[in-house]
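Analysis of the macromolecular model
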Amino acid sequence: MSEFVYLYRGGRRSESAQEGQQLMEKWVAWMKELGQKGHIKDQGQPLEPTGKLVSGKQKVVTDGPYAEKDLVGGYTLIEARDLAHAAELSVGCPIFESGGLVEVRPVMNM
Amino acid sequence: MVAALTRVFGIHNLALAEDVVQDAFCRALEVWKLRGVPENPSAWLMTTAKRRAIDILRRERTARTFAPEFGQMLASEWTLAPVVAEVFDTNVIKDDQLRMMFSCCHPRLREEAQVAFVLHLLCGFSVGEIAGAFVSTRSAIEKRITRAKKVLANSKTLFEISDAAFTVRLQAVQRALYLLFNEGYHGASPEAAVRVELCREAMRLAALLRDHRLAATPASYALSALMCLHAARSPGRVDSSGNLSSLFDQDRSLWDVNLMSEGRRLLELAARGSELTEYHVEAAIAWIHVKAHRAEDTDWLEIVSLYDTLIKIRPSPVVALNRAIAVAQLDGSERGLEEIRAIPGRERLAAYPFYSAALGELELRSGRAALARPHFETALTLARNATERQFLEQRLRLCTTKEQERVC
């Protein structure tokens, strides 16, 4: 088993409370299912869509409105046989329903 | 509320769950004093407890381990709030109360401890209130509860309704609720209000059993039926001057018609299937009493035969005593006295006030007031509260009147 990180990117915000509720239930169900199959090393956390960017040699701090499609909305640490397997496990993620994507990245063993 | 909190915190964190409930109540007192009581106080308390639970789960996730049932779900914001919300859902709470109730009736605890524990965790009775209800000392109850908590903490999670031990545990739960109700109905507590509360809680928890697919067995229906049919009679048990009134003298128009018909409906539901428990028989006896419009209309033959069945299912000197009293109604007081003298192990009844009272009553009816007197006197020394004492003093005065009549 190797470790991978899912970076959840983009995805439309829910328009109504009801839609938000349904989406949340889907996320819970999905996490639960992956966990029961033993693929979750750490559920990770969702992230707020706000933040700061610190950049350059001058370490300039700027507010970070990011382009929606790039925005990382959260992460999860996954265990899978290989990269192909990790990618395959992500297809049930509810983010696809709201137009987002999952970036699957192997943890680098240094 | 404690049940739901214990499910997310894990049963080993029972004290934490109790603290959160306590906190919620304290906050309620503060906030309601300023802003008035909200429209739905119990929902307000629930929301407060839920928020506090989420705070604790966030803050102490590294320091404590919570319920293993949820694994990582409580450690991550992806799932924390939704999982807690689900646990606090009304229907889920009902299930958790049921599981809590089953957890309290652990086979390693004695029956009295189980009942005390149920009262404490599911009915929110304080140690002092339980001590009052059982006419016991605070320290004795404290000890029972502490031990019960230790046993519970060792079992790691709440009892699973799907567990193989379910049937056996269900019997223990039914028994505990039966005892709880009896404590309310016949109990020693001098406070009528306390006893009414015990009966009401027993009926509420028995209804939880009926609402659950697996726990709604014929015995559970019979238990509820029995409670309804007894409770139906309670408005007539005390007369206008606050004195205990015997079944024969009660004003039957005071009996609660709604509870009577509910009891009857439940008894019919209990009759589905082949199971016949002591609760069935006791409910049937209660039904025969309730359906008689006047005391003299009571079908004593049927009652005696039901007591015969009850003795086969659950033999005890108390059941035999009740049977003997029914025999006295059917065949006269002399036959009743013979039956009492023939009760196996009747020396075990010596400390039971109703035993001496029954002997006195039957001697009195046989026209032997002088023989009745010492029995009533014994009963009087055993009486557990003012109402019982008043009743027996009244019987003693009757003995005096009868004795004087004979002299004249």
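Rules used throughout
Residues numbered from 1 in each chain as written. Chains lettered and ligands numbered in written order. Predicted model: local features only at pLDDT ≥ 70, side-chain atom pairs only at ≥ 80, totals over all residues. Heavy atoms only, no water. Helix = DSSP H or I, 4+ residues; strand = E, 2+ residues; numbered from the N terminus. Buried < 20%, exposed > 50% of the residue type's maximum accessible area, 1.4 Å probe, protein only. Contact = heavy atoms within 4.5 Å. Areas by Shrake-Rupley, 256 points an atom, 1.4 Å probe, with all protein chains shown as cover. Lys, Arg positive; Asp, Glu negative; His and termini not counted. Charge placed at Lys NZ, Arg CZ, Asp CG, Glu CD. Polar contact = N/O pair within 3.5 Å; in protein donor to acceptor, adjacent residues only side chain to side chain. Salt bridge = Lys/Arg side-chain N within 4 Å of Asp/Glu carboxyl O. Axes fitted to C-alpha atoms, helices over the stretch in contact; angles between N-to-C directions. Nonpolar A, V, L, I, M, F, W, Y, C, P; charged D, E, K, R; others polar. Pairing = 2+ DSSP bridges. Buried area = accessible area lost by both parts, 1.4 Å probe.

**Concerning the overall build of chain B**
Secondary structure assignment for chain B yields 19 helices and zero strands. For chain B, the C-alpha atoms occupy an extent of roughly 90 × 50 × 40 Å along the three principal directions. For chain B, with 408 residues in total, the buried portion stands at 51%. Sequence-distant contacts, at least 24 apart, represent 63% of the contacts inside chain B between residues at least 6 apart. Of the accessible surface of chain B, which amounts to about 19900 Å², a share of 53% is contributed by carbon and sulfur atoms. Mean positive and mean negative side-chain charge positions of chain B (53 and 50 charges, respectively) differ by 4 Å.

**Overview of the side chain of Arg7(B)**
Residue and element names in this part refer to chain B. Looking at the element boundaries, Arg-7 is found in helix 1 (residues 2-9). A distance of 3.3 Å separates a polar atom in the side chain of Arg-7 from a polar atom in the side chain of Asp-96. Setting aside residues no more than four positions away along its own chain, Arg-7 makes contact with Ala-67, Glu-69, Phe-70, Val-87, Val-92, Asp-96, Arg-99 and Leu-158.

**Quick word on the pattern of salt bridges**
Residues and elements named next belong to chain B. By the definition in use, this model includes 38 salt bridges over all chains. Between Asp-211 and Lys-94 there is a salt bridge, with the nearest N and O atoms lying 3.2 Å from each other. Here Lys-94 lies in helix 5 (residues 90-104) and Asp-211 lies in helix 10 (residues 192-211), a separation of 117 residues in the sequence. A relative accessible area of 52% places Asp-211 in the exposed class. By relative accessible area, which is 37% here, Lys-94 ends up partly exposed.

**Brief notes about the packing of helix 9 (residues 166-186) of chain B against helix 13 (residues 278-291) of chain B**
Residues and elements named next belong to chain B. One can describe the packing of helix 9 onto helix 13 by two numbers: an axis separation of 12 Å at closest approach and a directional angle of 30°. In this structure, helix 9 contributes Gln-174, Arg-175 and Tyr-178 to the contact, and helix 13 contributes Glu-278, Tyr-279 and Glu-282. In terms of residue class, the contact of helix 9 with helix 13 is made up of two nonpolar, one polar and three charged.

**Re the pairing of strand 3 (residues 52-55) of chain A**
All names here are of chain A. Across four bridges, strand 3 lies against strand 4 (residues 60-63) in antiparallel orientation. Following the sheet pairing, Lys-52 is matched in strand 4 by Asp-63. Between the antiparallel neighbours strand 3 and strand 4 lie four residues, among them Gly-56 with a positive phi of about 75°.

**So, the environment of Gly38(A)**
Here Gly38(A) shows up in the loop between helix 1 (17-36) and strand 2 (40-42). Taking C-alpha positions, Gly38(A) is 9.2 Å from Ala80(A), a pair spaced 42 residues apart along the chain.

**Structural notes on the interface of chain B and chain A**
Each partner contributes residues to the interface: chain B has 10 residues there, and chain A has 17 residues. Here chain B meets chain A over a buried area of about 1000 Å², counting both sides, of which 64% is carbon and sulfur. On the chain B side of the interface with chain A, the three residues burying the most area are Gln72(B), Met73(B) and Trp78(B), jointly 63% of the side's total. Our count for the contact surface shared by chain B and chain A stands at zero salt bridges. In this assembly, chain B and chain A are joined by nine residue pairs in polar contact (both at pLDDT 80 or more).

**Digging into the sheet that holds strand 5 (residues 72-80) of chain A**
Residues and elements named next belong to chain A. With antiparallel pairing, the four strands of this open sheet are ordered in space as 2-5-1-6. Edge strands, defined here as strands with exactly one partner in the open sheet, are strand 2 and strand 6 (101-106). When the angles between neighbouring strand axes are averaged without regard to direction, this sheet yields 35°. Strand direction decides the pairing type here: strand 2 and strand 5, joined by two bridges, are antiparallel. Opposite Asp-42, over in strand 5, you have Leu-77 as the bridge partner. Helix 1 contacts strand 1 (2-9), strand 2 and strand 5 of the sheet and is inclined by roughly 175° relative to strand 1.

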